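Overview (structure and organization)
As a plain string of letters, each chain reads:
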Amino acid sequence: MTDPGYMSNNLKLEGRHSVVSDVEFQASQVIERLEEAAERAAERAVEGSGNSSGGLSWKSSSVALPLPSKTNAEIFRVLEDLITFEDSSSFATWTEDVSTQTEAENPSPASVPALDAVSKLSAVSHSVASLACTLDRAHSQQINARLAKTNDECSAIFHEDPLEGIVRIGKYLLHKKYPKYDEDGFEALATKWPVIYSSVTSPLSVVQHLCRQLGLPLRCIQPVPCNTMFGSHQRMDVAELERLIEQDKNSNRIPLMVIADAGTVIAGHVDNLARIQEVCEKHDVWMHLRGHNLAALVLTHPTVKSTKLADSLSLPLGNWLGIPSLPIATMFYLPSPTDAEDADNPRNTTLPILAGLVNDLASRRFVSLPLWTTLQALGRDGIQTRITQALESSEMMWKALANLPSIRLVSQQPGGESGSYTVMDVAGKQINPLLLLEVVASTVTFQFTNGTEKGRLSSYYDKLNTWLAHILQQECPQLVIDMCELESHGIVLRYCPLELSPDYLPTKEDIEQFTASLEQQIEVLTATVQLKDVFQQSVSRNANLQLVQDMADWAGLGGVRYLPDNWELLPNSREELNRLNIQLVERLQNSDQAFSLGEDSESMAYVRFGMVTAGSDVEELLEMVLSVGKEVEESSRFLETMTQVVKKGIEAATLDLQKENEERLWQEGLLRQVPVVGSLVNWWSPRNKEGGIRGRSLNLNAGIVESTENIYRYHMQLQGSGGTTGAQGTRVTPTPMVQTPVGTVSGSQHSRSSSQASQGSQSSHPQVSSALPISSSNVLSQVTPQPTPLQTTPITATSEPSVSTTVTKSGLNSFSNDLKEPAAL
């Protein structure tokens, strides 16, 4: 017979095991659900079908406020909406009613990366870590210590903040160097303040954050210059480092820490670690090491004897393996408790606890659990494969760029100084770790240069490299290229595959395509640099062009401003010059998109020339600007003249119509104007059909306001010749009865022959006069010219002209189109 107690214990054990399985299953389902939602949103965006309800959770106020409880399905539906869609400014006009939304107001789907099996395991591990926090304190501490244990030679702490590890190391050193720091605080540092040494090529934000967290002034930071005479100019000058340490010790300061680089952030150079370690041991200074090249340590053979590279290391394993949300590991060496000095001084064993270098017994957080599960899933072979692929990608990129003209490689060369080693040559071999860090290259950094300049390039080359970075990002999206700035070189382009997921690593074909695109852009950049001097010299020889010097962030050929003759004498010269150059750019862009509109610091417009190729003719481009500028200038003057002609024509027509109306009243008599008597008089004595007020038309070619009796009689706007019989015996229209000359601007012509388009319209309709009918309906509303003309383009004539005295270009084009069609009854 089976023991009932035994069965109950087995059931209890199976129940405990099923808890972890249930959490893993539910977390996996949630992750798959989010991935499917993101895929559906992306497909709808590509198809253009939109989404009528997605993204509304961003606007809903019930997401943050503790409203009535919701079911798990409702909660995860809101999370799904928040993760798969992006918030935008268009949400400000949203309402809770989905039916009122339009397709233009729909949000865009967010970029949710696809997770591989190991990344999903890492995400699920966070849920399991939360479950483990519910265990008894003693049990959870045992598990946490078990998971965080590395080996007997070094210890490790795991943290989510990238700089938390170095901050804890700094706290440990302050407690160690200042025995009364725990009791006196900052007063213990007043007489002998600590010093932190960092290379000038390292990010300043690291040491600044360290000082802020430790409560130290920024004067505790001691920048160390780089080599200038020999070796890499990105590596720390060890001789200068030792001199600074000795100088600080003589000045009653305490050297605290040296931050060295095994692969600088931008250029990927490795400091002389062996020499720095000797200096630190000599002066009892802590050495902290960071950098992407540390990822290559997994390539060594397992039988290689461990070598002490530094007192502490920062290892961002999540970045190197391409797995999100993994903690940062900080490895460090502590003095062995078997030493006689440490055994007699129990304080040294409590310092790591005070600094947080030992697991906090009061905390139940399992920070290291996602990292532990990930490393278990990958194994040594999986980790080596991912790191090897990334380093090989850097190697291929370096070899592809090494032979390109006008490209200067700034990063460390793979294969050592001779370049004879490859990643496959050292992977899995018994090699010294210090030598391994010198052989691999984690970053490829390059920039465009003319091949002769050394050191930092000019500001113009910074603009060229900025333009190159943007173009390569557009044409080669399969490669992630960053744009950075080095103090010693200027703007550089950076490729770092260790910061990419393995799924996004480019193939050999992708790198070849990138190289081909880069070669094309190099030709464009080289031609632009060579023709820039020719461009500036050509502009300086032309009085109607002004070279623009103030062109911030513009990498093109240059900029010019068109200057008309005697433009300073024009009223509102700056505004007119600005308007003229804006119109010039609009005309130029119709023929070539290489031109664009620029604006200097004084808000003055000018013409910007973009990048050019080797076969470009600079003189021809400038001649195009001059010819189009002349056309725009003449067109602008023609518009001003037409404005004056139309204004004066309206004034003359108004006076003529008022005078003719007065004469008509005296001729017809006052009785006809009386409402009742006038009808009887008109019946007894009908009006003359030829009488009445004649309309007026403005002849733009002749500058004359004419009466319109010929238009109503012959049903067309025909130009009269002053007689009834032409030279060949053909009949022509008589001269209008009323002709009033219109005064124009002195010295100007109001003929439309200055415009080529207008010449074409006149030649195609030689019989049509450029006359504009002027109606008199607004002068005396009760009198209408007889017979009534058909629809035309009238300009009303009143005592105050209702037409604006400024005629725009678009308005004149519409006006010209109306003149091309003859007016008929």
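Residues numbered from 1 in each chain as written. Predicted model: local features only at pLDDT ≥ 70, side-chain atom pairs only at ≥ 80, totals over all residues. Heavy atoms only, no water.

A closer look at the packing of aromatic side chains
- Taken as a whole and assessed by the stated rule, the structure comprises five aromatic pairs.
- Here Tyr172 and Trp286 contribute two aromatic rings whose centre-to-centre distance is 5.9 Å and whose plane-to-plane angle is 70 degrees, an arrangement assigned as edge-to-face. Separated by 114 residues along the polypeptide, Tyr172 in helix α5 (residues 164-177) and Trp286 in strand β5 (residues 286-290) bring together distant segments of the chain.
- Members of the aromatic cluster, joined through ring pairs, are Phe448, Tyr460 and Tyr461. (Phe/Tyr/Trp six-rings, centres within 6.5 Å; stacked < 30°, edge-to-face > 60°. Helix = DSSP H or I, 4+ residues; strand = E, 2+ residues; numbered from the N terminus.)

A few points about the nonpolar core
- One finds Ile276, Leu289 and Leu294 to be the most contacted residues of the largest nonpolar core, which totals 84 residues.
- Judged by nonpolar contacts, the second largest core, of 29 residues, contains Tyr461, Ala469, Leu479 and Tyr495. (Core = buried A, V, L, I, M, F, W, Y, C linked by side-chain atoms within 4.5 Å. Buried < 20%, exposed > 50% of the residue type's maximum accessible area, 1.4 Å probe, protein only.)

Digging into the sheet that holds strand β9 (residues 444-448)
- Sheet architecture is open: four strands sit in the order β8-β9-β11-β10, paired in antiparallel fashion. The open sheet has two free edges, formed respectively by β8 (407-409) and β10 (482-486), since each of these has just one partner strand. Shown here is a sheet whose adjacent strand axes are inclined to one another by a mean of 40 degrees, direction ignored.
- Pairing of β8 with β9, which is carried by three bridges, proceeds in the antiparallel orientation. Note on β9: the bridge partner recorded for Arg408 is Gln447.
- This element, helix α13 (residues 369-402), spans β8, β9 and β11 (490-495) of the sheet and lies at about 25 degrees to β9.
- Lying over the sheet, helix α16 (residues 459-475) contacts β9, β10 and β11, oriented at roughly 25 degrees with respect to β11. (Pairing = 2+ DSSP bridges. Axes fitted to C-alpha atoms, helices over the stretch in contact; angles between N-to-C directions. Contact = heavy atoms within 4.5 Å.)

Points about the pattern of salt bridges
- All chains considered together, the criterion is met by 16 salt bridges.
- The residue Glu438 makes a salt bridge to Arg235 at a minimum N-O spacing of 3.5 Å. Here Glu438, found in helix α15 (residues 433-439), pairs with Arg235, found in the loop between β3 (221-224) and α8 (238-250); they are 203 residues apart in sequence, far enough to count as distant.
- For Glu438, a relative accessible area of 25% puts it in the partly exposed group.
- Here Lys282 makes a salt bridge to Glu242, at a shortest N to O gap of 3.0 Å. With Lys282 in helix α9 (residues 273-283) and Glu242 in helix α8, this residue pair connects regions lying 40 residues apart in the sequence. (Salt bridge = Lys/Arg side-chain N within 4 Å of Asp/Glu carboxyl O.)

Description of the sheet that holds strand β14 (residues 595-599)
- Taken together, the four strands give an open sheet; going across it, the order is β12-β13-β15-β14, and neighbouring strands pair in antiparallel fashion. Either end of the sheet is taken by a strand with one partner, and the two such strands are β12 (545-547) and β14. Put simply, the sheet's adjacent strands are angled 40 degrees from each other on average, direction ignored.
- Pairing geometry for strand β13 (residues 558-562) and strand β15 (residues 605-609), over three bridges, is antiparallel. The residue of β15 that forms the bridge with Gly558 is Phe609.
- Of the strands in this sheet, β13, β14 and β15 touch helix α18 (residues 573-589), which is tilted by about 30 degrees from β15.

What about the pairing of β11?
- For β11, the tally of buried residues reaches six of six residues, placing the bulk of the element in the interior.
- Pairing geometry for β9 and β11, over three bridges, is antiparallel. Note that in β11 the partner of Val444 across the bridge is Tyr495.
- Direction of pairing for β10 relative to β11: antiparallel, over a ladder of five bridges. Residue pairing across strands places Cys484 opposite Val492, the latter belonging to β11.

Some thoughts on helix α4 (residues 137-148)
- For α4, built from twelve residues, the straight-helix expectation of 16 Å at 1.5 Å per residue is met to within 8% by its first-to-last C-alpha distance of 16 Å.
- Those residues of α4 that fall on the buried side of the exposure criterion are Ser140, Asn144, Leu147 and Ala148. Seen along its axis, α4 keeps its buried residues to an arc of 90 degrees; they face one direction. Among the exposed residues of α4, those pointing more than 90 degrees away from its buried face are Gln142 and Arg146.
- If you follow the buried residues of α4, they end up packed against α3 (117-132), β1 (155-159) and α13. (Expected span 1.5 Å × (residues − 1). Arc of directions from axis to C-beta.)

Brief notes about unusual backbone geometry
- Positive phi values are uncommon outside glycine, yet Asn252 reaches one of about 65 degrees.
- Its location among the elements puts Asn252 in the loop between α8 and β4 (254-261).
- Taking the relative accessible area as the measure of exposure, Asn252 reaches 39% and is therefore partly exposed.
- Positive phi values are uncommon outside glycine, yet Ser406 reaches one of about 65 degrees.
- Within the element layout of this structure, Ser406 appears in the loop between α13 and β8.

Section: the environment of Arg77
- Here Arg77 shows up in helix α2 (residues 72-84).
- As a C-alpha pair, Arg77 and Leu34 span 43 residues in sequence and 9.4 Å in three-dimensional space.

Digging into the packing of α5 against helix α7 (residues 204-214)
- As a packed pair, α5 and α7 sit with axes 10 Å apart at the nearest point and diverge in direction by 55 degrees. The orientation of α5 relative to α7 falls into the category oblique. Judged by the sense of rotation from one axis to the other, the crossing of α5 with α7 is right-handed. Taken together, the residues of α7 that come into contact with α5 (itself represented by Ile166, Val167, Gly170, Lys171 and Leu174) are Val206, His209, Leu210, Gln213 and Leu214. (Parallel < 35°, antiparallel > 145°, perpendicular 65-115°, else oblique. Left-handed = near helix turned anticlockwise from the far one by under 90°.)

Take it as geometry only, folks, not as evidence of what the structure does.
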